[in-house]
Amino acid sequence: MSLSDVAVRLLSGTGPCHFCPSFWSSYSNGKLPFESSLKCRKRRGSWHSQPVKASPKCVRICGTYLGRDINHSNPKPNLQVCQCQRTDSLGERLAEEGNGSLLKETTKYDPIIGEVTSQNGRAVKEVQQLNDEKGFSSNGVSSTGQNDKISVEEEAWNLLCESVVHYCGSPIGTIAAKDPSNTNVLNYDQVFIRDFIPSGIAFLLKGEYDIVRNFILHTLQLQSWEKTMDCHSPGQGLMPASFKVRTVPLDGDESATEEVLDPDFGEAAIGRVAPVDSGLWWIILLRAYGKCSGDLSVQERVDVQTGIKMILKLCLADGFDMFPTLLVTDGSCMIDRRMGIHGHPLEIQALFYSALLCARDMLAPEDGSDDLIRGLNNRLVALSFHTREYYWVDMGKLNEIYRYKTEEYSYDAVNKFNIYPDQIPSWLVEWMPEKGGYLIGNLQPAHMDFRFFSLGNLWSIVSSLATKEQSHAILDLIEAKWDDLVADMPFKICYPALEGQEWRIITGSDPKNTPWSYHNGGAWPTLLWQLTVACIKMNRPEIAARAVEIAERRISVEKWPEYYDTKRARFIGKQAQLYQTWSIAGFLVAKLLLRNPDAAKILMNDEDAALVNAFFCMIDANPRRKRSRKAQKTYIV
């Protein structure tokens with residue numbers, strides 16, 4: 001039996017999904033036949049469509065072919081409209097739960113979302129109504145002139161709801177920051193995919209599913225846009241870094257305007273780097289939406305299924321790289337400036353692993369998916385082994401590296417990547433605790449980046465890329481090095497900072513990434529929610545609760561900064577945006593999850609028994625170590 005067959009039998013466990021047959025195969029450019037619906041027309045401030053009454057039935061574009069034969073000279077499919085019975089509508093569900101009724105709103109049919117949508121989001125209205133009843137303004141100060149103040153959490157909800165962006169009357173995302181005192185907004189007035197993730201999770205935990213559903217479906221349509229830079233187009237399936245809702249005049253009618261979604265794939269970003277993590281975060285959020293809302297119809301849609309496959313094909317495409325880790329350029333993730341993370345940064349590998357597991361849960365079994373699922377399963381096995389075995393460092397592993405022999409040529413070499421022992425930095429010798437360890441930031445031939453990168457390590461715990469023992473060891477290290485990683489404001493994005501000549505060479509003397517600032521050792525409050533999910537998964541929520549308590553003392557008073565500077569995070573970042581949305585949302589998600597730890601399961605990936613089995617098979621075959629644990633089955637990767 002081939003490896004692929006074994007992997008599929010061992011690892012595939014996706015339940016049956018029913019949806020309209022795929023019509024995407026004839027679209028070589030990946031464009032949707034209803035892509036024109038990304039524009040919404042308005043006339044003199046009112047919607048250029050007639051209000052319709054909400055119905056428990058929704059109309060969805062399924063895009064099925066009416067016949068088997070496809071005329072390739074005319075690839076546009078015949079679209080049929082089907083009536084899909086929903087389990088319940090949001091309004092009905094809210095009424096049943098006793099959460100109040102929806103206010104009267106102008107409604108319209110959205111062909112992308114596939115149902116009747118309302119003019120405004122319910123969350124915004126509820127918060128505003130609550131403020132009106134209490135007599136508070138959006139900044140938390142009593143509108144009656146009294147000195148009463150709302151709680152930090154209530155203020156955070158107000159600010160998050162104020163950051164909501166609407167498109168064609170429906171909530172579609174949250175802008176990156178909304179500081180009324182700052183006129184130089186740059187691109188912080190856009191909706192970033194990675195920035196919206198904590199916002200989306202907060203809305204899901206609050207029971208506000210519409211905004212997340214709208215975000216998922218509308219960003220999916222942006223995936224098929226053809227964007228170029230200097231006459232070069234990126235790979236098909238790439239998701240944008242951000243998008244903006246623009247109102248533009250309609251040609252031929254001065255009194256009418258239309259709203260358009262303008263995506264940025266990196267062609268306008270600082271550094272002009274395409275985002276690798278956007279598509280991975282999108283898959284993770286899609287699965288979280290289904291698990292939290294119970295609405296699996298979104299992930300079963302033909303266009304969503306095709307979007308998942310396009311992202312997977314882009315990430316799983318064969319290339320020149322010999323490693324199972326994803327090869328990316330510098331600045332392609334949360335650290336979006338030159339910081340020496342080019343190659344195989346841990347953050348991307350953890351998100352990649354999580355996205356593969358999430359996609360495997362959601363992919364519908366069909367004839368065209370067999371090869372993709374087989375490749376996905378093979379990659380999961382290889383990626384988990386490679387990361388756990390070669391990225392991991394603790395005192396024992398450092399001693400092993402310290403005694404490495406170099407220039408080994410053989411298939412059974414111990415020092416496979418020709419790492420020189422002198423690469424062990426002096427700071428690490430003193431910093432590494434006796435109890436604890438972590439996954440290093442990067443691994444390439446003759447190079448190990450020993451910096452501790454927080455998001456990669458935390459998401460390795462959440463996704464089960466790290467073993468159970470490694471996950472506990474990472475949290476042990478965080479506790480042991482609390483003053484370095486948390487200090488006066490959680491959480492350090494990486495440790496330590498690049499300084500001196502090393503900073504000048506690696507960052508190019510970046511004035512924003514000076515030592516202990518921004519991405520170079522700065523503290524980012526948004527990392528609170530990833531820390532919380534990781535701690536809850538390992539049944540150690542007290543670690544996250546301690547960090548949230550530290551943040552709560554300052555973050556509201558200092559107007560929710562984007563990041564903090566200095567080694568102990570005592571100063572607000574010198575170029576930090578205030579009222580940063582993902583700082584607000586990260587705090588809210590951490591509070592909500594600590595209050596209801598079971599809700600964190602929508603983000604977790606459980607350790608796959610077949611992957612564990614395959615991992616120990618490969619360990620037993622590795623000359624570096626011998627393990628007593630025996631696998632039930634063996635196969636080669």
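Definitions and limits used
- Once a new chain begins, its residue numbering starts again from 1 and follows that chain's sequence as written.
- Where local features are concerned, this predicted model is filtered to residues with pLDDT of at least 70; where side-chain atom pairs are given and counted, the filter is 80 or more; whole-chain, interface and lining totals use all residues.
- Side-chain metrics in this entry use all non-hydrogen atoms of the structure; hydrogen atoms and water are not considered.
- Helix numbers and strand numbers start at the N terminus; a helix is a DSSP run of H or I with at least 4 residues, a strand a run of E with at least 2.
- Note on classification: 1.4 Å probe, protein chains only; a residue is buried when its accessible area is under 20% of the maximum for its type, exposed when over 50%, partly exposed between these limits.
- Every residue pair with non-hydrogen atoms within 4.5 Å of one another is taken to be in contact.
- All accessible-area figures derive from a Shrake-Rupley calculation using a 1.4 Å probe, and residue coverage is judged against the displayed protein chains alone.
- Per-residue confidence from the prediction method is given by pLDDT, with values spanning 0 to 100.
- Nonpolar cores are built from buried Ala, Val, Leu, Ile, Met, Phe, Trp, Tyr and Cys residues. Side-chain atoms within 4.5 Å join them into one set.
- Geometry of aromatic contacts follows a simple scheme: Phe, Tyr and Trp rings, the Trp one being its six-membered ring, pair when their centres are within 6.5 Å, and the pair is stacked under 30 degrees between planes, edge-to-face over 60, tilted otherwise.
- When DSSP locates at least two bridges between a pair of strands, those strands are taken to pair.
- Polar contacts, as counted here, are pairs of nitrogen or oxygen atoms within 3.5 Å of one another; within protein the pair requires one atom able to donate a hydrogen and one able to accept it, and residues that are adjacent in sequence qualify only if both atoms are side-chain atoms.
- When charges are tallied, Lys and Arg are placed among the positive residues and Asp and Glu among the negative ones, while His and the ends of the chain are skipped.
- What makes a salt bridge here is a side-chain nitrogen of Lys or Arg within 4 Å of a carboxyl oxygen of Asp or Glu, nothing more.
- Axes, fitted as lines to C-alpha atoms, cover a helix only where it is in contact. Angles between the N-to-C directions of the axes lie from 0 to 180 degrees.
- Any angle that is under 35 degrees is reported as roughly parallel, and any over 145 degrees as roughly antiparallel; angles of 65 to 115 degrees are reported as roughly perpendicular and all others as oblique.
- All residues other than Ala, Val, Leu, Ile, Met, Phe, Trp, Tyr, Cys, Pro, Asp, Glu, Lys and Arg, Gly among them, are scored as polar; the first ten of these are nonpolar and the last four charged.

Enquirer: Explain the overall build of the protein chain to me, using residue names and the numbers behind them.
Expert: The helix and strand tally for the protein chain stands at 21 helices and 19 strands. Out of the 637 residues belonging to the protein chain, those deemed buried represent 58%. At a minimum sequence separation of 6, the contacts of the protein chain that also span at least 24 residues come to 71%. As presented, the protein chain carries roughly 28000 Å² of accessible surface, and 50% of it is formed by carbon and sulfur atoms.

Enquirer: Mind laying out unusual backbone geometry, listing which residues take part and the relevant values?
Expert: Most peptide bonds adopt trans geometry, and most residues besides glycine take a negative phi value. Going from Pro490 to Phe491, the amide bond is cis rather than trans, its omega being 10°. Examined against the element boundaries, Phe491 turns out to sit in the loop between helix 16 (482-485) and strand 17 (494-495). The step from Tyr495 to Pro496 runs through a cis peptide bond, and the omega angle for that step is -5°. Mapping Pro496 onto the fold places it in the loop between strand 17 and helix 17 (500-507). Unlike most non-glycine residues, Tyr518 shows phi in positive territory, near 50°. With relative accessibility at 5%, the residue Tyr518 sits in the buried group.

Enquirer: Lay out the confidence of the model for the protein chain with the relevant residues and their values.
Expert: Caution applies to low-pLDDT parts of the model: their predicted coordinates are not meant to be read in detail. The predicted model of the protein chain has a mean per-residue pLDDT of 79, with 71% of residues at 70 or higher. Segment residues 118-124 is flagged for pLDDT under 50; beyond a separation of four residues in sequence, or across chains, it makes 27 contacts in the model. Scored below 50 in pLDDT, residues 133-147 makes 23 contacts in the model with residues more than four places away or belonging to other chains.

Enquirer: Can you explain the nonpolar core? Please cite residues and give values.
Expert: If you look at the biggest cluster of nonpolar residues, it comprises 165 residues, and the most contacted ones within it are Trp282, Ile308, Tyr438, Phe450 and Ile478. Non-local contacts of Ile478, meaning those with residues more than four positions away in its chain, are made with Phe452, Leu458, Leu485, Phe491 and Leu531.

Enquirer: Quick one: what's the story with helix 4 (residues 152-162), residue by residue and with numbers?
Expert: Every α-helix winds through 3.6 residues per turn, so residues three or four apart in the chain are directed the same way. Most of helix 4 sits inside the fold, with nine of its eleven residues counted as buried. Considered for burial, the residues of helix 4 that qualify are Val152, Glu153, Glu155, Ala156, Trp157, Asn158, Leu159, Leu160 and Cys161.

Enquirer: Go over the packing of aromatic side chains with me, naming the residues and quoting the values.
Expert: Overall, the coordinates contain 21 aromatic pairs when judged by the stated rule. Centroid distance Trp281 to Trp459: 5.2 Å. Interplanar angle 65°. Geometry classified as edge-to-face. Note that Trp281 is positioned in helix 7 (residues 277-293) and Trp459 in helix 14 (residues 454-463), a separation of 178 residues in sequence. Among the residues examined, Trp281 registers a relative accessible area of 3% and is labelled buried. In this structure Trp459 comes out as buried when scored by relative accessible area, which is 1%. Here the aromatic rings of Trp281 and Trp529 are separated by 6.1 Å at their centres, their planes lie at 45°, and the arrangement is tilted. Of this pair, Trp281 sits in helix 7 while Trp529 sits in helix 18 (residues 528-537), placing them 248 residues apart in sequence.

Enquirer: Any chance you could break down the pairing of strand 11 (residues 253-264) for me, citing the residues and the numbers?
Expert: With nine bridges joining them, strand 10 (residues 242-250) and strand 11 adopt antiparallel strand pairing. Note on strand 11: the bridge partner recorded for Leu250 is Asp253. Counting the residues in the hairpin turn of strand 10 and strand 11 gives two residues, including Gly252, whose phi is positive at 85°.

Enquirer: Quick one: what's the story with the environment of Leu475, residue by residue and with numbers?
Expert: Relative to the helices and strands, Leu475 resides in helix 15 (residues 468-480). Residues Leu475 and Ala534, spaced 59 residues apart in sequence, show a C-alpha to C-alpha distance of 8.6 Å. Residues contacting Leu475, with those up to four places away along its chain left out, are Ile461, Ala534, Cys535, Met538, Arg540 and Ile543.

Enquirer: I'd love a proper account of the environment of Arg338, names of residues and values included.
Expert: Note on placement: Arg338 falls in the loop between helix 9 (302-316) and helix 10 (346-362). Note on Arg338: relative accessible area 45%, which makes it partly exposed. Residues Arg338 and Gly508, spaced 170 residues apart in sequence, show a C-alpha to C-alpha distance of 7.6 Å. From its side chain, Arg338 meets the backbone oxygen of Ile505 in a polar contact 2.8 Å long. From its side chain, Arg338 meets the backbone oxygen of Ile506 in a polar contact 2.7 Å long.

Enquirer: How would you summarise the side chain of Asp484 if you had to cite specific residues and measurements?
Expert: Among the structural elements, Asp484 can be located in helix 16. Although buried, Asp484 forms no salt bridge, and the nearest oppositely charged side chain, Lys481, lies 4.9 Å from it. One polar contact links Asp484 to Trp431, side chain to side chain, over a distance of 2.9 Å. Not counting residues within four places of it along the chain, the set of residues in contact with Asp484 comprises Trp431, Lys492, Tyr495 and Lys567.

Enquirer: Can you explain the packing of helix 5 (residues 193-205) against helix 6 (residues 210-222)? Please cite residues and give values.
Expert: Between helix 5 and helix 6, the least distance of the axes is 9 Å, while the angle of their chain directions is 150°. What the angle tells us is that helix 5 and helix 6 run roughly antiparallel. In this structure, helix 5 contributes Ile193, Phe196, Gly200, Phe203 and Leu204 to the contact, and helix 6 contributes Ile211, Val212, Phe215 and Thr219. Residue composition of the contact of helix 5 with helix 6, grouped by class: seven nonpolar, two polar and no charged.

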